[in-house]
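Residue strings, one per chain:
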Amino acid sequence: MEKEPAAGQVSMEDIAALAKRRGFIFQSSEIYGGIGGFYDYGPLGAILKRNVKDAWWRDMVELRDDVVPFDSSIVMHPKTWEASGHVEAFNDRLVDCKVCKHRFRADHLKSREQCPDCGSKNSFTEERAFNLMLRTFVGPMEDSAAMAYLRPETAQGMFVNFKNIYQSARKRPPFGVAQIGKAFRNEITPGNFTYRLREFEQAELEYFVPDDGQDLKRFEEWVQLRKSWYSKYGVKPERLRFAELTADERPHYAKAGIDVEYLFPWGWGELESIAHRGTYDLDAHMRLSGKDLRFYDEASKTHYTPLLIESSAGMDRTTLVMLVDAYERETASDPAGKQTERIVLHFHPQIAPVQAAVFSLARNKPELVELARSIEEGLRPKFRTQYDEGNIGQLYRRQDEIGTPLCLTVDYDSLTGHDVTVRERDSMRQERVAIGAVESYLGERLAGP
Ligand code: GAP
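Side note on the sheet that holds strand S20 (residues 385–389)
An order of S20-S19-S21-S22-S23 is seen for the 5 strands of this open sheet, with the pairing classed as mixed. The outermost strands of the open sheet, each flanked by one partner alone, are S20 and strand S23 (430–434). Pairs of neighbouring strands in the sheet enclose a mean axial angle of 25°, with direction left out of account. Contacts between helix H13 (residues 438–446) and the sheet are confined to strand S19 (356–360), strand S21 (406–410), strand S22 (419–424) and S23, with S21 contributing the most and set at about 165° to the helix.

Take a look at the structure:
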């Protein structure tokens with residue numbers, strides 16, 4: 001968080017303050033001082049994150065006939081992580097300062113001469129490997145035989161069950177398996193708010209393809225598809241880049257790799273990785289388990305190991321991107337024509353936690369309250385709505401800050417004219433809409449692309 005935000009961008013401090021004030025994100029177990037790398041989603045944040053996950057699920061799974069859903073357990077047989085290479089190689093290199101005892105990732109240190117925390121000179125220990133998997137014990141004995149890991153990625157659950165999945169779903173490559181779920185990594189230096197967590201959610205899509213010479217073309221199609229997904233939900237294209245990994249940067253078995261990066265306030269950070277992993281994962285599990293996970297092609301009566309194209313996106317990072325990307329501090333005119341500053345989140349209507357707020361202009365006028373409440377109740381089954389009442393300036397200010405696209409106000413004229421004022425978040429334009437037409441009006445403006 002120490003770096004200045006990029007030009008025109010909000011600082012992470014402002015995002016964290018808004019997130020707390022409005023109930024998007026809180027520190028986990030805050031009353032005990034918090035715990036590094038763990039966060040909770042508040043009443044609005046829980047909906048925001050769910051909307052992000054639902055958008056991914058709808059587009060990547062439900063609207064496709066070549067992707068099947070999956071939901072694997074967090075704790076798996078420990079051999080899974082031997083086969084995947086995580087036990088051997090899922091390490092960060094770390095050093096300790098012998099004076100202040102603080103621990104650092106070796107690749108994050110600018111210099112080895114002076115500790116950035118206490119200023120001591122030449123105080124670091126030798127580098128050593130630190131495995132990032134979190135451990136637990138299964139059953140009543142806490143010995144090495146009972147030791148298991150909390151999964152550091154959701155992907156392996158889909159690989160070890162590959163045969164069960166394709167046989168039961170009657171799928172043949174090319175087809176994909178998708179899941180959204182928790183993953184855990186004992187990061188040495190969690191930080192940048194919810195960017196680097198120790199408990200987080202991934203949305204992973206494992207797309208298995210035949211080795212028919214079309215694999216690189218299919219990889220490129222997935223990259224394009226993910227590009228259009230971010231664009232569909234309004235992420236600013238100038239803050240998004242698709243960085244191609246060189247042969248030196250990607251694992252030896254990977255034929256191609258792309259990091260999807262977003263320009264966060266502190267600089268570019270990874271949001272998703274898209275990788276062509278060849279047959280590496282299925283081969284590794286076949287070797288260690290001794291089980292045949294190859295695909296049996298009925299037509300040619302042959303067995304083969306499909307190639308894998310993986311898209312792995314962090315849902316907490318995508319949620320954070322939605323907040324950062326939508327944030328704007330702008331000068332505006334209040335209803336009396338006075339210039340005021342407002343903070344507004346320009347969420348896409350499908351991502352916005354509240355899509356339409358319905359207000360009663362006065363708290364103490366039962367006819368207005370009753371009418372506003374009944375309009376809100378009528379809209380609730382179709383849209384994410386919220387009822388509120390009181391000072392209209394304050395009500396707009398609050399809804400702008402939580403990114404509500406439309407606000408409907410019931411006033412005295414509504415009682416005789418049977419209409420309401422609808423105010424649009426981004427343009428702040430207002431118009432009268434007949435109560436009977438409100439539902440279709442909202443439907444047109446809030447429907448996704
Ligand atoms: N199965 C491939 C895989 O796990 P990864 O690049 O290690 O690939 C994929 O992780 C995505 O998961 C990242 O792009 C990021 O969005 C998210 N992610 C990884 N580590 C994270 C962490 N410590 N906190 C939050 N999100 C994380």
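Further notes follow.
Digging into helix H11 (residues 392–402)
Those residues of H11 that sit buried are Leu395, Tyr396, Gln399, Asp400, Glu401 and Ile402. Between the side-chain oxygen at the start of H11 and the backbone nitrogen of glycine 393 there is a gap of 2.9 Å, and the oxygen is on asparagine 391. The first or second residue beyond H11 is glycine 403, which carries a positive phi of 80°.

Focus: the environment of arginine 363
Position of arginine 363 among the secondary structure elements: in the loop between S19 and helix H10 (366–379). Residue classification places arginine 363 among the exposed residues on the basis of a relative accessible area of 58%. When the C-alpha positions of arginine 363 and valine 235 are compared, they lie 38 Å apart, and in sequence the two are 128 residues distant. In contact with arginine 363, other than residues within four places in its own chain, are Val369, Glu389 and Gly390.

What to know about the pairing of strand S12 (residues 256–264)
Burial analysis of S12 places 9 of its 9 residues in the buried class, the great majority of the element. Residues Ala256, Ile258, Val260, Tyr262 and Phe264 point to one face of S12 and Gly257, Asp259, Glu261 and Leu263 to the other, with burial holding for every one of them. With 5 bridges joining them, strand S11 (residues 240–244) and S12 adopt antiparallel strand pairing. Following the sheet pairing, alanine 243 is matched in S12 by aspartate 259. Here S12 pairs with strand S13 (residues 267–278) via 9 bridges, running antiparallel. Looking at S13, one finds that valine 260 is bridged to glutamate 272. The hairpin formed by S12 and S13 contains 2 residues between the paired strands.

Considering unusual backbone geometry
The phi torsion of most residues other than glycine is negative, and most of the peptide bonds are trans. In the segment running from proline 173 into proline 174, the intervening peptide bond is cis, with an omega of 5°. With respect to the helices and strands, the residue proline 174 is situated in the loop between helix H6 (162–169) and strand S9 (175–184). Positive phi, close to 60°, is recorded for methionine 428, a residue that is not glycine. Within the secondary structure layout, methionine 428 lies in the loop between S22 and S23.

Topic: the packing of aromatic side chains
Tallied over the entire structure, the rule returns 19 aromatic pairs. Between phenylalanine 24 and phenylalanine 347 the ring centres are 6.4 Å apart and the planes differ by 70°, which places this aromatic pair in the edge-to-face class. Taken together, the residues span a long stretch of sequence, with phenylalanine 24 in the loop between helix H1 (12–22) and strand S1 (25–27) and phenylalanine 347 in the loop between strand S18 (339–345) and S19 at a distance of 323 residues. Exposure class is identical for phenylalanine 24 and phenylalanine 347. Each is buried. Consider the rings of tryptophan 56 and tryptophan 57, whose centres lie 6.4 Å apart with planes at 35°: the pair is tilted. Taking relative accessible area as the criterion, tryptophan 56 reaches 0% and is therefore assigned buried. Exposure remark for tryptophan 57: the relative accessible area of 23% places this residue in the partly exposed category.

Observations concerning the site of the ligand
Near the ligand there are 18 residues, and of these Glu153, Leu197, Glu204, Glu270 and Leu271 occur at the shortest range. Within the side chain of glutamate 270, a nitrogen or oxygen atom sits 2.6 Å from an oxygen atom of the ligand. In the environment of the ligand, an oxygen atom lies 3.4 Å from a nitrogen or oxygen atom belonging to the backbone of glutamate 272. Protein contact buries 90% of the 560 Å² of open area that the ligand shows by itself. Within the residue set of the shell around the ligand, elements represented by two or more residues are strand S10 (199–209), S13 and strand S16 (307–314). Looking at which element gives the most residues to the shell around the ligand, the answer is S13, with 4 residues.

The rules behind the values
- Residues numbered from 1 in each chain as written.
- Predicted model: local features only at pLDDT ≥ 70, side-chain atom pairs only at ≥ 80, totals over all residues.
- Heavy atoms only, no water.
- Pairing = 2+ DSSP bridges.
- Helix = DSSP H or I, 4+ residues; strand = E, 2+ residues; numbered from the N terminus.
- Axes fitted to C-alpha atoms, helices over the stretch in contact; angles between N-to-C directions.
- Contact = heavy atoms within 4.5 Å.
- Buried < 20%, exposed > 50% of the residue type's maximum accessible area, 1.4 Å probe, protein only.
- Polar contact = N/O pair within 3.5 Å; in protein donor to acceptor, adjacent residues only side chain to side chain.
- Phe/Tyr/Trp six-rings, centres within 6.5 Å; stacked < 30°, edge-to-face > 60°.
- Near = heavy atom within 4 Å.
- Areas by Shrake-Rupley, 256 points an atom, 1.4 Å probe, with all protein chains shown as cover.

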